[in-house]
Amino acid sequence: MLLCPACYSEYRTWDQVADHMSGLATMSESAHVMWLNRNLSKEELSKNELGQRLSEMFSNEGSLLEWARNAVIRKIYSGPHPLILAMQKPTREDLLGYVIEHQHFLKNWVRVLSSVIERTDRNDVIKYELENITTEFLGCSGPSHFELLMRMGESLGMRKEEIQSIGPLPSTTKAIGEWREISFKMGWQETMGAMHSLELIADRGISSYGAKMHYFNVKILSSNDYPKEVKRFLGEGYSADTYHSSEALSLVEKYAGSRQSVQVAIIKSLDAVSSYFNARLERAAMLR
């Protein structure tokens, strides 16, 4: 069965999905209109063209990792997203916006991936996610990513207590709601794919696959213009083994009941991260 990517209704053919989506878009149903505008075209498409575009988007060719990487490049780097542009030469406010909003992202990250552990009976998946959650929030051989984030904020002149007292902006809250919805309404395979596909955004090899630039300007890591805590936090993600961002998607592909269902979740997740990136820019503007 094929899923409507906006509401998860099931159909047998892409023509049926297109007929369903086109009909609801004509009636200005918001979920379907927004999905089409964000992911296919803001121009009206014929039913035949829409069916063809959907079929191409959810192609089964190649691995799930390859498909997800292309989706990330199309969504985040083809523009590229304004947040990526800002991270090529980030200001103090850009980085503090990162710290303030990302703390909420990380706390949600461990909550959502905890739901994967709760619902799976696969030992390799449980082990993978336990290690991931520990690295993010507790730390293994060194400080956790959450602690490194707090240290980055302190190095930029904001006390940890102040950082942690600031609630998320509406765009971050909206994104968190999207990720929580995936974990509530879809399977653990879809949830795992949705969250770990986001790691591809900062994959240091992304430019070799067609991205116009990296997640941040890597010259920052050797620059004297930024505190060492900033370089430490950014460097942790950059130095991570490229294999890590693909291992989760390999596990998802191994156990997924429906590849297209996972693809739907990944696209929904990329829409959410775009909203979260907007929140970081908005927070930076507020700080200025």
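Shown above is the structure to which this text applies.
This text gives an overview of the structure that appears in the document. Bear in mind the structure is a predicted one, so any value in this text is a computation, not a measurement.

### Comments concerning the pattern of salt bridges
Then, number 1: Under the definition given, this model contains 16 salt bridges.
Then, number 2: Salt-bridge contacts for Lys160 lead to Glu147; the nearest nitrogen and oxygen are separated by 3.3 Å. Within this pair, whereas Lys160 is found in helix H9 (residues 160-165), its partner Glu147 is found in helix H8 (residues 145-155), the two being separated by 13 residues in sequence.
Then, number 3: Judged by relative accessible area, Glu147 falls into the partly exposed class, the value being 22%.
Then, number 4: The salt bridge involving Glu236 is made with Arg232; its shortest N-O contact spans 3.4 Å. Within this pair, Glu236 and its partner Arg232 are both found in helix H12 (residues 228-239), separated by four residues, close to a single helical turn.
Then, number 5: Among the charged side chains, a salt-bridge network with shared partners connects Glu147, Arg151 and Lys160.

### Observations concerning the nonpolar core
Then, number 1: Counting residues in hydrophobic clusters, the biggest one holds 86 residues, and the most contacted among them are Leu54, Tyr77 and Trp179.
Then, number 2: Ranked by the residues each element gives to this core, the list is headed by helix H6 (residues 92-119), at 12 residues.
Then, number 3: Contact partners of Trp179, with chain neighbours within four places excluded, come to Phe105, Asn108, Val112, Met195, Leu198, Ser269, Ala272, Val273 and Tyr276.

### Re the layout of surface pockets
Then, number 1: In this model, the second largest pocket occupies a volume close to 300 Å³.
Then, number 2: In terms of lining residues, the second largest pocket is bounded by 15 residues, among which Ala6, Ala31, Arg38, Glu178 and Lys268 are the most central.

### As for the side chain of Ser22
Then, number 1: Along the chain, Ser22 falls in helix H1 (residues 14-26).
Then, number 2: Judged by relative accessible area, which is 13%, Ser22 ranks as buried.

### What to know about the side chain of Ser269
Then, number 1: Looking at the secondary structure, you find Ser269 in helix H14 (residues 259-287).
Then, number 2: A relative accessible area of 0% means that Ser269 is categorised as buried.
Then, number 3: If we ignore the near neighbours within four places in the chain, the residues touching Ser269 are Trp179, Ile182, Ala194, Met195 and Leu198.

### Details of the environment of Phe105
Then, number 1: With respect to the secondary-structure elements, Phe105 resides in helix H6.
Then, number 2: Residue Phe105 is classed as buried on the basis of its relative accessible area, which comes to 10%.
Then, number 3: Through-space distance from the C-alpha of Phe105 to that of Tyr276 is 8.3 Å; in sequence the pair is 171 residues apart.
Then, number 4: Setting aside residues no more than four positions away along its own chain, Phe105 makes contact with Trp179, Leu198 and Tyr276.

### Describing the environment of Arg180
Then, number 1: You can see Arg180 is positioned in helix H10 (residues 170-185).
Then, number 2: Residue Arg180 is classed as partly exposed on the basis of its relative accessible area of 28%.
Then, number 3: When the C-alpha positions of Arg180 and Ser239 are compared, they lie 29 Å apart, and in sequence the two are 59 residues distant.

Conventions used here
Residues numbered from 1 in each chain as written. Predicted model: local features only at pLDDT ≥ 70, side-chain atom pairs only at ≥ 80, totals over all residues. Heavy atoms only, no water. Salt bridge = Lys/Arg side-chain N within 4 Å of Asp/Glu carboxyl O. Helix = DSSP H or I, 4+ residues; strand = E, 2+ residues; numbered from the N terminus. Buried < 20%, exposed > 50% of the residue type's maximum accessible area, 1.4 Å probe, protein only. Core = buried A, V, L, I, M, F, W, Y, C linked by side-chain atoms within 4.5 Å. Contact = heavy atoms within 4.5 Å. 1 Å grid on protein atoms, 1.4 Å probe; cavity = no way out; pocket = protein on both sides within 12 Å on 5 of 7 lines; lining within 4 Å. Points joined across faces, edges and corners; volume = space filled by probe spheres on them.

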